[in-house]
Amino acid sequence: MSTIDNLKDRTTPVFSPDDVTVIFVLGGPGAGKGTQCERLVARYGFAHLSAGDLLRAEQNRPDSEFGDLIRHYIRNGLIVPMEVTIALLEAAMRQILDGPEPDAAAAAAPRPNKGGKFLIDGFPRKLDQAIKFEEAVVPARFVLFYDCPEHEMERRLLERGKTSGREDDNAESIRKRFRTFVETSMPVVDYFEKQNRVVKVDAVRQPDQVFETTQKELEKRLQL
Ligand code: ADP
Ligand code: AMP
């Protein structure tokens with residue numbers, strides 16, 4: 001990944017917040033981030049980039065030099081080094097922004113990314129990522145934070161684990177992921193909270209109700 005090399009030294013964002021709207025979507029494992037993002041994509045035409053999905057895809061890419069490293073971090077619920085995660089996100093954003101204009105048939109369908117609006121799901125999970133991304137890629141508009149108690153997240157993940165095939169939806173990995181969330185990722189939420197940049201949504205209710213609140217909060221803040 002060529003972006004890794006130039007990321008280290010870069011101190012100005014590659015994208016302008018005038019052209020690109022980024023919402024960071026955070027919450028504990030199983031809070032319902034992916035579920036809500038899917039609905040936001042269908043309703044408003046956001047592009048949805050899940051850091052976890054991008055890392056799993058890179059892990060499974062036969063030529064990847066990072067496959068074993070990513071597997072180790074994911075199994076243990078640890079934060080994959082930011083150089084890898086940010087490079088994957090930046091490359092995915094670039095691919096979407098540079099993508100071909102839709103042809104006439106596609107133009108009739110909802111545009112996948114009208115106006116460069118991105119939901120970046122499960123990122124940033126550590127303070128260094130938050131700072132580096134905003135410095136070198138683009139500043140985010142705000143954090144959409146799904147708030148859910150651990151016992152409910154655990155119930156959801158164990159249920160999801162019956163069919164997800166994910167190596168980390170098991171009791172032991174889930175425990176490690178919760179610890180990482182509390183120790184490493186909540187400080188990121190606190191960091192944005194101090195800047196008044198967190199929109200908190202109660203994620204315990206049914207998906208439809210959570211989505212209703214999400215819509216209200218986003219429509220207050222963005223031209224959708
Ligand atoms: P995350 O992306 O935050 O890890 P997901 O969106 O994958 O979470 O949701 C975790 C599991 O919980 C999934 O199986 C999903 O279907 C289920 N789920 C999501 N939102 C809710 C909700 N509001 N109530 C009950 N179950 C939910
Ligand atoms: P998720 O799919 O969001 O549940 O994430 C699964 C796993 O991928 C996490 O437990 C981490 O090991 C890794 N991961 C996801 N997002 C990040 C991130 N922003 N930074 C580093 N590692 C991540």
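Residues numbered from 1 in each chain as written. Chains lettered and ligands numbered in written order. Predicted model: local features only at pLDDT ≥ 70, side-chain atom pairs only at ≥ 80, totals over all residues. Heavy atoms only, no water.

K.L.:
In this structure, what is going on with the overall build of the protein? I would like to understand it.
P.N.:
When helices and strands are counted, the protein shows 10 helices and five strands. Here the C-alpha radius of gyration of the protein, 17 Å, is about what a compact globule of 224 residues would show, namely 17 Å. On the principal axes, the C-alpha backbone points of the protein span a range of 45 × 40 × 40 Å. Residues counted as buried form 46% of the 224 residues belonging to the protein. Nonlocal contacts in the protein, meaning residues at least 24 apart in sequence, comprise 80% of its contacts between residues at least 6 apart. With 33 positive and 36 negative side-chain charges, the protein shows a spacing of 3 Å between the two charge centroids. (Helix = DSSP H or I, 4+ residues; strand = E, 2+ residues; numbered from the N terminus. Rg over C-alpha atoms; globule rule 2.2 N^0.38 Å. Buried < 20%, exposed > 50% of the residue type's maximum accessible area, 1.4 Å probe, protein only. Contact = heavy atoms within 4.5 Å. Lys, Arg positive; Asp, Glu negative; His and termini not counted. Charge placed at Lys NZ, Arg CZ, Asp CG, Glu CD.)

K.L.:
Sorry, what's going on with the site of ligand 1 here?
P.N.:
If you check the shell around ligand 1, you find 13 residues, and the closest are K33, G34, T35, R160 and R205. In the environment of ligand 1, an oxygen atom lies 3.3 Å from a nitrogen or oxygen atom belonging to the backbone of A31. Here an oxygen atom of ligand 1 and a side-chain polar atom of T35 are 2.5 Å apart. Those elements giving two or more residues to the shell around ligand 1 turn out to be α2 (33–44) and α8 (150–164). Ranked by residues supplied to the shell around ligand 1, first place goes to α2 with three residues. (Near = heavy atom within 4 Å. Polar contact = N/O pair within 3.5 Å; in protein donor to acceptor, adjacent residues only side chain to side chain.)

K.L.:
When you look at the nonpolar core in this model, what are you seeing that I'm missing?
P.N.:
Taken as a class, soluble globular proteins show a tendency for nonpolar side chains to be buried jointly. Formed by 30 residues in total, the largest nonpolar core has its most connected members in V22, F24, M93, I120 and F133. At five residues, helix α5 (residues 82–97) tops the list of elements feeding residues into this core. When sequence neighbours within four positions are dropped, the list of residues in contact with V22 reads M93, F118, I120, F133, V138, A140, R141 and F142. Membership of the second largest hydrophobic core comes to 23 residues, among which are I23, C37, M153 and F211. (Core = buried A, V, L, I, M, F, W, Y, C linked by side-chain atoms within 4.5 Å.)

K.L.:
Where do I start with the packing of aromatic side chains in this structure?
P.N.:
The description of two aromatic rings rests on the distance between their centres and on the angle between their planes. Throughout the structure, instances matching the rule amount to six aromatic pairs. Consider the rings of F24 and F123, whose centres lie 5.7 Å apart with planes at 65°: the pair is edge-to-face. Of this pair, F24 sits in strand β1 (residues 21–27) while F123 sits in the loop between β3 (117–121) and α7 (127–136), and the two are 99 residues apart along the sequence. Taken as a pair, F24 and F123 share a single burial class, namely buried. For the pair F24 and F133, a centre-to-centre distance of 5.5 Å together with 65° between the ring planes defines the contact as edge-to-face. In this pair, F24 sits in strand β1 while F133 sits in helix α7, placing the two residues 109 residues apart along the sequence. Look at F133 and you get buried, because its relative accessible area is 0%. (Phe/Tyr/Trp six-rings, centres within 6.5 Å; stacked < 30°, edge-to-face > 60°.)

K.L.:
What should I look at first to understand the site of ligand 2 in this one?
P.N.:
If you check the shell around ligand 2, you find 18 residues, and the closest are R56, L78, G122, R125 and Q129. Note that a nitrogen atom of ligand 2 is positioned 2.9 Å from one of the backbone N or O atoms of G122. Interatomic distance of 2.6 Å between a side-chain N/O atom of Q129 and a nitrogen atom of ligand 2. Taken by itself ligand 2 offers 480 Å² of open surface, and the protein chains cover 95% of this. Counting residues per element, the ones that place at least two in the shell around ligand 2 are α3 (51–60) and α4 (67–75). With four residues, the single largest contributor to the shell around ligand 2 is α3. In the shell around ligand 2, the residues fall into eight nonpolar, five polar and five charged. (Areas by Shrake-Rupley, 256 points an atom, 1.4 Å probe, with all protein chains shown as cover. Nonpolar A, V, L, I, M, F, W, Y, C, P; charged D, E, K, R; others polar.)

K.L.:
Sorry if this is basic, but what is going on with the pairing of β3 here?
P.N.:
Each regular strand displays side chains that alternate between the two surfaces of the sheet. Burial runs high along β3: five of the five residues are buried. Both faces of β3 are covered, namely the face carrying K117, L119 and D121 and the face carrying F118 and I120. Pairing of β1 with β3 involves five bridges; the strand directions are parallel. By the bridge assignment, T21 is partnered in β3 with K117. Bridge analysis of strand β2 (residues 47–50) against β3 gives four bridges, and the strand direction is parallel. Along β3, the bridge assignment pairs H48 with L119. (Pairing = 2+ DSSP bridges.)

K.L.:
Is there a simple way to explain the packing of α2 against helix α10 (residues 207–221) in this structure?
P.N.:
When two helices pack together, their arrangement is given by the angle between their axes and by how far apart the axes lie. Running from N to C, α2 and α10 point in directions that differ by 55°, and their axes come no closer than 10 Å. Between α2 and α10, the interaxial angle falls into the category oblique. Relative to α10, α2 is oriented so that their crossing is right-handed. In this structure, α2 contributes T35, Q36, R39, L40, R43 and Y44 to the contact, and α10 contributes P207, D208, V210, F211, T214, Q215, L218 and E219. Split into classes, the residues belonging to the contact of α2 with α10 amount to six nonpolar, four polar and four charged. (Axes fitted to C-alpha atoms, helices over the stretch in contact; angles between N-to-C directions. Parallel < 35°, antiparallel > 145°, perpendicular 65-115°, else oblique. Left-handed = near helix turned anticlockwise from the far one by under 90°.)

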